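Fold and contact review
Listed below, chain by chain, are the residues.
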Amino acid sequence: GRKAYVAQCKDSSLRELLVEVFRIAEIKYANIDQDKAGVLMFPELKRNLTKAGFHNEGAMMRIWKDSDADNDGNVNFGEFLHLLYQWQYMQEVKEESAKHLN
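Here is what the cut-offs are and how they apply
Residues numbered from 1 in each chain as written. Predicted model: local features only at pLDDT ≥ 70, side-chain atom pairs only at ≥ 80, totals over all residues. Heavy atoms only, no water. Axes fitted to C-alpha atoms, helices over the stretch in contact; angles between N-to-C directions. Helix = DSSP H or I, 4+ residues; strand = E, 2+ residues; numbered from the N terminus. Parallel < 35°, antiparallel > 145°, perpendicular 65-115°, else oblique. Left-handed = near helix turned anticlockwise from the far one by under 90°. Contact = heavy atoms within 4.5 Å. Nonpolar A, V, L, I, M, F, W, Y, C, P; charged D, E, K, R; others polar. Salt bridge = Lys/Arg side-chain N within 4 Å of Asp/Glu carboxyl O. Buried < 20%, exposed > 50% of the residue type's maximum accessible area, 1.4 Å probe, protein only. Phe/Tyr/Trp six-rings, centres within 6.5 Å; stacked < 30°, edge-to-face > 60°.

With that settled, consider the packing of helix H3 (residues 57-67) against helix H4 (residues 77-101). Interhelical geometry of H3 versus H4 gives an angle of 140 degrees and a closest axis separation of 9 Å. Classed by the angle they form, the pair H3 and H4 counts as oblique. The element H3 and its partner H4 pack so that their crossing is right-handed. Contacts between H3 and H4 involve Ala 59, Ile 63, Trp 64, Asp 66 and Ser 67 from the first element and Glu 79, His 82, Leu 83, Gln 86, Trp 87 and Met 90 from the second. Its residues assigned to classes, the contact of H3 with H4 comprises six nonpolar, three polar and two charged.

Set out below in structure tokens:
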């Protein structure tokens, strides 16, 4: 199976934090890229998110299309970083909406 990666910052500088964040993103990207093509395809992302318990394919597709900046149907690493940002934003909006409904 996959090993968990534990961040190991040498110090508390912003540079070290960013190095570790990118390292974790690179590992996640490589884990999703099942065919090792160097780009992600939607079925790879969908499979990964479904395993994580997310089943809203419409939301997945919206984030995917928003992140595919060059419209080639794949997501490269730079686009993947945008996808992660979009995903996080969507989760925050969902949580805020839930707070206001209660």
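Read on for the rest.
Structurally, Glu 79 can be placed in helix H4. Contact partners of Glu 79, with chain neighbours within four places excluded, come to Ser 67, Asp 68, Ala 69, Asp 70 and Asn 74.

The subject of this paragraph is the pattern of salt bridges. Side chains that differ in charge, positive against negative, can pair when their charged atoms come close. A complete count under the given rule lists four salt bridges for this structure. Note that Glu 20 and Arg 23 form a salt bridge whose closest N and O atoms lie 2.5 Å from each other. With a gap of three residues between them, Glu 20 and Arg 23 both fall in helix H1 (residues 14-32), about one helical turn apart. Classification of Glu 20 as buried rests on a relative accessible area of 3%.

One pass over the full model with this rule turns up five aromatic pairs. When the ring of Tyr 29 is compared with that of Phe 77, the centres are 5.5 Å apart and the planes differ by 85 degrees; the resulting orientation is edge-to-face. Of this pair, Tyr 29 sits in helix H1 while Phe 77 sits in helix H4; the two residues are 48 residues apart in sequence, bridging distant segments of the chain. Residue classification places Phe 77 among the partly exposed positions, given a relative accessible area of 22%. With a centroid separation of 5.7 Å and an interplanar angle of 75 degrees, the aromatic rings of Phe 42 and Trp 64 are classed as edge-to-face. Of the two residues, Phe 42 sits in helix H2 (residues 42-51) while Trp 64 sits in helix H3, which places them 22 residues apart along the sequence. By relative accessible area, Trp 64 is classed as buried at 4%. Aromatic ring contacts, followed pair by pair, group Tyr 29, Phe 77 and Phe 80 into a single cluster.

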